[in-house]
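Residue-level structure breakdown
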Amino acid sequence: MNVDFSAEELQFQEQVRAFFAAKFPQDIKQKCDGGIALTREDYVRWQKILFKQGWAAINWPTEYGGTGWTVIQKYIFANEMAQANAPDIIPFGMKMVAPVIYTYGTAAQRDRFLPDILASNAWWCQGYSEPGSGSDLASLKMKATRTVDHYVVSGTKTWTTLAHMADWIFCLVRTSSDVARRQQGISFLLVDMNTPGVTVKPIITIEGEREVNEVHFEDVKVPLENLVGEEGKGWTYGKVLLQHERTNIAGVARSKYRLQQIGKRAATSVNDAQPLINDQNFARRLSALEIELRALEYTELRTLAAVAVGKAPGPESSILKVRGTELQQAIDEFEVTLAGYFALPYVPKQYALEFPESERIGHLADTRSSLIYFNNRKASIYGGSNEIQKNIVSKHVLGL
Amino acid sequence: MDFSISEEQSMLSDSIAKFIENDYDFETRQKIAAGDLGYSADLWATYAELGWTAVLFEEKDGGLDGGPIELMLMMQQFGKGLLVEPFLANIVLAGGALRRSPDSELRSKWLAKIIDGSLQASLAFTEPQARFAVNDITTTAESAGDSYKLDGVKSFVLNGGIADLLVIPARTAGGQSDEDGITLFAVPADSVGVSRRSYKTVDAQQAAEISLKGVVVNQENVLGKVGDGLAILQATIDEATFAVCAEAVGIIRTMHDKTVEYTKNRLQFGVPIGSFQALQHRMVETLIACEQSQSLLYWSAMINAGNDSAARKSVSALKYQIGTAGVHVAKEAVQLHGGMGVTWELDIAHYFKRLTAISILFGDADFHLDRHVQFSKQSVA
C-alpha cells in the first residue's frame, strides 16, 4: 500500500495543470468564478478545446476516441479540472448515452453518433423521469408503437436538464405492456429533438432559473434504426448507465476545491473584523467536512481501483452517490453560513459579466451561495433519490 | 497509489484470523477476561511464538521492521476477535516508547524480553488532571547526583497492575503544561516507593492508579535526552491512537456484519426484521460509516510513515471519525439487536464496550477535532 504518485503520474499532473492554465478561456473562467451561468456556446467552445487535446472522453475506450487513462490519471485530471474551476463536461452525451451506444449499439449507430458527441457537435439530454414516474421509474408510460419503418412515440418526460439546449434526447419508452415484469417492456430510444411533435416547456426551479424542462411527445415518428440494442432490454441498459452516472456523481474533486475556497475566504477579514476562521465553531465545522470528504475521496479511489482490475462499478457506486451528494449539500449550507446576511440579496441581473461592478450588491460568491444551496437540494433527489440508492445497497450489497 | 497489500502482510493478517478462528472464540475470550490476570499468559506466549510481538520493532532490536500497514492489519484482526491480551499497552505503548529511545543499551536491555514475551511493560501516559493532554504532567523528577527521585501520581496506566516495567514521563523542568522539560524514565515496577492499585476496565482490560513516592531511578534509565521526552511520548501516543482506530475499524465492521446477519434471522410479525425499510436504511448508513472509516484508515496508514504534522493530522481525522461514525455504528448494532444487544451474554455488548473505550482513549472526538483545527491553522500560518 502506498499513496504516492509515480514519476510518470507526476509528469502527467504537470501536463494537465499547464494545459488548464494555458487553454481554459479566461472569459469562461471569469464566469465560473463569479457563479455566472454559462451559455451553450461557452460549453461547446470549452468542450471543443478539450476535444482538440484528445481529453474529451475520459472514460471511453481508445478505439472510439477515449483517453485510455488509468484510474489515477482520471483522478489527477478531475482534481486539476476542479482546481482550475473549469466546468465539467455536460454529462448526458459523453458520460451517459455514449457508453450505452458503444456497448449495446450497432456499428452504424456508433459511427453515426459517437463522433458528434466526442466533438461536442451534438448536445444530448436524458428522458427518463415522467410526471407519474419518479423513484418508481419502471412504471413509465411514454409509449413507442412500432410500425413498418418507425416508432410512434407519445408521452411526457420531465426534469429534463438542459433540454432547451439539446439536439437529441435518449429515452426509456414502453414498447410493450404484455410482459411478465414491467421492466421487460421498456426500450432505449434515441430521438432527434427537431422531430415534429416534440415540444419543450421550461420548469423554473426554486432558485428562479431555468435548468430543467418538461418535454412533450405527440405522435413523434422515430426511425426504427434509433432503437439501441434489443427491444425490451432498455431497463438493463439504463441501469448500467445509471451506475456510471453514480460514480461521476460524488464530485469529490470539486467539493475539495470549494472547501479550500471557503477556508481562504473565511481567513480574510472584512473591515478589520476578526476573520470567521477564528470562530472555533466555524473552524470545527470546516475540519469535520474536510475529514468526511477525505474519507469519501478514498472510498472513491478504492472503488475505482476495483474497477481498474476489471470489476464493473456495481451497487457500491450508490454509496458514493449518497455520501457525495450529502457532502455537496453540507458544503452548500456552509457557504451560506459564511455569507451571513449577504446570502439573502436576490439580484439575478448581477450575474452577468457586463453588470457594472460598482452597482453590485455584496460579493457574488456570497449572494450566489443561497441560490446554489436552493438549487442543489436536487442533488439528493436526482439520479435515483438517496432513499432509492439505499434500497439498492440494501438489496444488492447487504442482501436484505 | 496502490491499495494492495504484500504477500507477507496478508500472511500476517491471516495468521491472526486463523488464531481467532481456532483458539479464540467468544466463550474463550470471556473466560480469559473473567480470570484474575485479565488475559492469557499462555496465549501471550503464543503471540510471541507467532512473531506478532516482534513486528513493530526494528531488525537491529530483534524485530521484523513492520510499519503502519502491518500495525493496521494486526489491530483490525485484534478488533474483530476482541482479543484482551495487552498488545496495545505492552508492545505499542511501552515498547513504542522504548524503541524510539536513541540509547541502544537501554533498548537491548528491555526490548528482547518484550519481544520474547517474558516481560510486561506499561507506559504511564496520563495523570488525574490531564485528560487527553500528554504534555500535562505534574509528576516531578528531581536530579540527585547520578540518579533522579520521582514523585507524583499516574492514572489509568494500562497493563499497570501486572507490568514488570513502567515507562514514566516526569518533569525535570518547566511548568505543568510546558512542552519542554519532560523526561521519560524506565522504572522497574518493584522499585521502592511505587505503589499500585489495579483494577479492570469496562472493556475487559486492566489498568492501575500508580503513586510514586521518592522513587529513585538511575540516570541510565532515562529514555532519550533529559527534558526532551515529549517528542518520543507524543509519537508513541499518535501511533497508539492510530492503532486503536484500526482496532475500531475491525470492531465496527464485525458489529455491522453481525447486525445484518441477525436481522435476516430474527422474525417478528412473521417476517425477518431485516425486511423492514426503516431498518434497512439504517444498516446502509452503518455500511457507509464502515467504508468511510476504512478509507480514512488506509489513507492515514499510507501517509503515516512520515510521522510529520500531516501524518499526525491524519490520525486526528481518523480518531474523530471513529469517535463519531464509529460510535454510531456501534449504537445502531445494539439497537437493531433489540433486547439481546444489551445482554452480557451476547458478544455485541462487549464489542460495544471496547468501542466505547476506544472512543475515549487518547482523546475523544471533540479533542481530536480541535487538534485537527490546530494543525490546519499551523499549515496556513
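Residues numbered from 1 in each chain as written. Chains lettered and ligands numbered in written order. Predicted model: local features only at pLDDT ≥ 70, side-chain atom pairs only at ≥ 80, totals over all residues. Heavy atoms only, no water.

1. Side note on the domain arrangement of chain B
Residues and elements named next belong to chain B. Domain parsing of chain B yields domain 1 (7-118), domain 2 (122-227) and domain 3 (231-380). Centre-to-centre, using C-alpha coordinates, domain 1 lies 23 Å away from domain 2. Taken together, the 25 residues of domain 1 in the interface contact 20 residues of domain 2. Buried area between domain 1 and domain 2, summed over both chains or domains, comes out near 1600 Å², and the portion from carbon and sulfur atoms is 66%. Our count for the domain 1 to domain 2 interface comes out at zero salt bridges. Our enumeration of links across domain 1 and domain 2 arrives at two residue pairs in polar contact (both at pLDDT 80 or more). Where the side of domain 1 that touches domain 2 is concerned, the elements lending two or more residues are α2 (26-34), α5 (87-99) and α6 (104-115). It is α5 that contributes the most residues to the side of domain 1 that touches domain 2, seven residues altogether. For the side of domain 1 that touches domain 2, the residue count by class is 16 nonpolar, five polar and four charged. (Domains from an automatic or database assignment. Contact = heavy atoms within 4.5 Å. Buried area = accessible area lost by both parts, 1.4 Å probe. Salt bridge = Lys/Arg side-chain N within 4 Å of Asp/Glu carboxyl O. Polar contact = N/O pair within 3.5 Å; in protein donor to acceptor, adjacent residues only side chain to side chain. Helix = DSSP H or I, 4+ residues; strand = E, 2+ residues; numbered from the N terminus. Nonpolar A, V, L, I, M, F, W, Y, C, P; charged D, E, K, R; others polar.)

2. Notes on helix α8 (residues 252-267) of chain A
End to end, α8 of chain A covers 23 Å across 16 residues, agreeing with the expected 22 Å (1.5 Å per residue, within 8%). For α8 of chain A, the elements touching its buried residues are α2 (26-33), α4 (71-83), α9 (280-308), α10 (316-339) and α11 (364-375) of chain A. (Expected span 1.5 Å × (residues − 1).)

3. Notes on the packing of helix α8 (residues 277-303) of chain B against helix α9 (residues 309-336) of chain B
Residue and element names in this part refer to chain B. The contact between α8 and α9 brings their axes to 9 Å, and the two run at 160°. With respect to α9, the axis of α8 lies roughly antiparallel. Crossing handedness for the pair α8 and α9: left-handed. Looking at the contact of α8 with α9, its residues break down into 17 nonpolar, eight polar and two charged. (Axes fitted to C-alpha atoms, helices over the stretch in contact; angles between N-to-C directions. Parallel < 35°, antiparallel > 145°, perpendicular 65-115°, else oblique. Left-handed = near helix turned anticlockwise from the far one by under 90°.)

4. So, the interface of chain A and chain B
Counting residues at the interface gives 37 residues for chain A and 40 residues for chain B. A buried area of about 3600 Å², summed over both sides, lies between chain A and chain B, and 64% of it is on carbon and sulfur atoms. Looking only at chain A, the three residues that lose the most surface to chain B are Met1, Ile291 and Arg302 of chain A, adding up to 23% of its buried area. At the surface where chain A touches chain B, the tally comes to five salt bridges. Between Glu285 of chain B and Lys390 of chain A there is a salt bridge whose closest N-O contact spans 2.9 Å.

5. So, the packing of aromatic side chains
Counting across every chain of the model gives 39 aromatic pairs over all chains. With a centroid separation of 4.8 Å and 70° between ring planes, the pair formed by Phe19 of chain A and Trp55 of chain A is classed as edge-to-face. Of this pair, Phe19 of chain A sits in helix α1 (residues 7-23) while Trp55 of chain A sits in the loop between α3 (40-53) and α4, and the two are 36 residues apart along the sequence. In this structure, Phe19 of chain A and Trp55 of chain A share a single accessibility class: buried. Relative to Trp52 of chain B, the ring of Phe19 of chain B has its centre 5.2 Å away and its plane inclined at 85°; by these criteria the two rings are edge-to-face. Separated by 33 residues along the polypeptide, Phe19 of chain B in helix α1 (residues 7-23) and Trp52 of chain B in the loop between α3 (41-49) and α4 (68-81) bring together distant segments of the chain. When its relative accessible area of 4% is taken as the criterion, Phe19 of chain B is described as buried. Classification of Trp52 of chain B as buried rests on a relative accessible area of 1%. Taken together through their ring pairs, the aromatic side chains of Phe12, Phe19, Phe20, Phe24, Trp46, Trp55, Trp69 and Phe77 of chain A make up a single cluster. Between Arg368 of chain A and the ring centre of Tyr351 of chain A, over which it is positioned, the NZ or CZ distance is 4.8 Å. Across from the ring centre of Trp344 of chain B, 3.7 Å away, lies the NZ or CZ of Lys353 of chain B, which sits over that ring. (Phe/Tyr/Trp six-rings, centres within 6.5 Å; stacked < 30°, edge-to-face > 60°. Buried < 20%, exposed > 50% of the residue type's maximum accessible area, 1.4 Å probe, protein only. Lys NZ or Arg CZ within 6 Å of the ring centre and 35° of its normal.)

6. Details of the nonpolar core
With 184 residues, the main nonpolar core has Trp124, Phe170, Phe188, Leu190 and Phe217 of chain A together with Met72 and Leu88 of chain B as its most contacted residues. For this core, the leading source of residues is helix α7 (residues 229-265) of chain B, giving 15 residues. Once residues lying within four places of it in the same chain are set aside, the contact partners of Leu88 of chain B are Leu93, Leu158, Ala240, Ala243, Val244, Arg354, Leu361 and Phe362 of chain B. Formed by 19 residues, the second largest nonpolar core is a distinct cluster that contains Phe185, Val187, Val194 and Val222 of chain B. (Core = buried A, V, L, I, M, F, W, Y, C linked by side-chain atoms within 4.5 Å.)

7. Thoughts on α9 of chain A
Taking 1.5 Å of rise per residue, the 29 residues of α9 of chain A would be expected to cover 42 Å, and the 41 Å separating its terminal C-alpha atoms lies within 8% of that figure. Between the side-chain oxygen of the N-cap and the backbone nitrogen of Asn281 of chain A there are 2.8 Å, and the N-cap of α9 of chain A in question is Asp279 of chain A.

8. Section: the state of the cysteines
All names here are of chain A. Using the criterion set out here, one finds zero disulfides over all chains in the structure. Here Cys171 stays unpaired: no disulfide links it, and the sulfur of Cys125, its closest cysteine neighbor, is 7.4 Å away. Judged by relative accessible area, Cys171 falls into the buried class, the value being 0%. (Disulfide = S-S within 2.5 Å.)

9. Brief notes about the pairing of strand β7 (residues 210-223) of chain A
Residues in a regular strand point their side chains to alternate faces of the sheet. Residues and elements named next belong to chain A. Sheet analysis places strand β3 (residues 150-157) next to β7, joined by seven bridges and oriented antiparallel. Paired with Lys157 across the two strands is Val215, which belongs to β7. The pairing of strand β6 (residues 198-204) with β7 spans seven bridges and is antiparallel. Of the residues in β7, the one forming a bridge with Val200 is Val215. (Pairing = 2+ DSSP bridges.)

10. Considerations on the packing of α4 of chain B against α8 of chain B
Residues and elements named next belong to chain B. Interaxial distance between α4 and α8 falls to 8 Å at its minimum, and their mutual angle equals 150°. The pairing of α4 with α8 is recorded here as roughly antiparallel in orientation. In the packing of α4 onto α8, the handedness of the crossing is right-handed. On α8, the residues touching Pro68, Ile69, Met72 and Gln76 of α4 are Gln294, Leu297, Tyr298, Ala301 and Met302.

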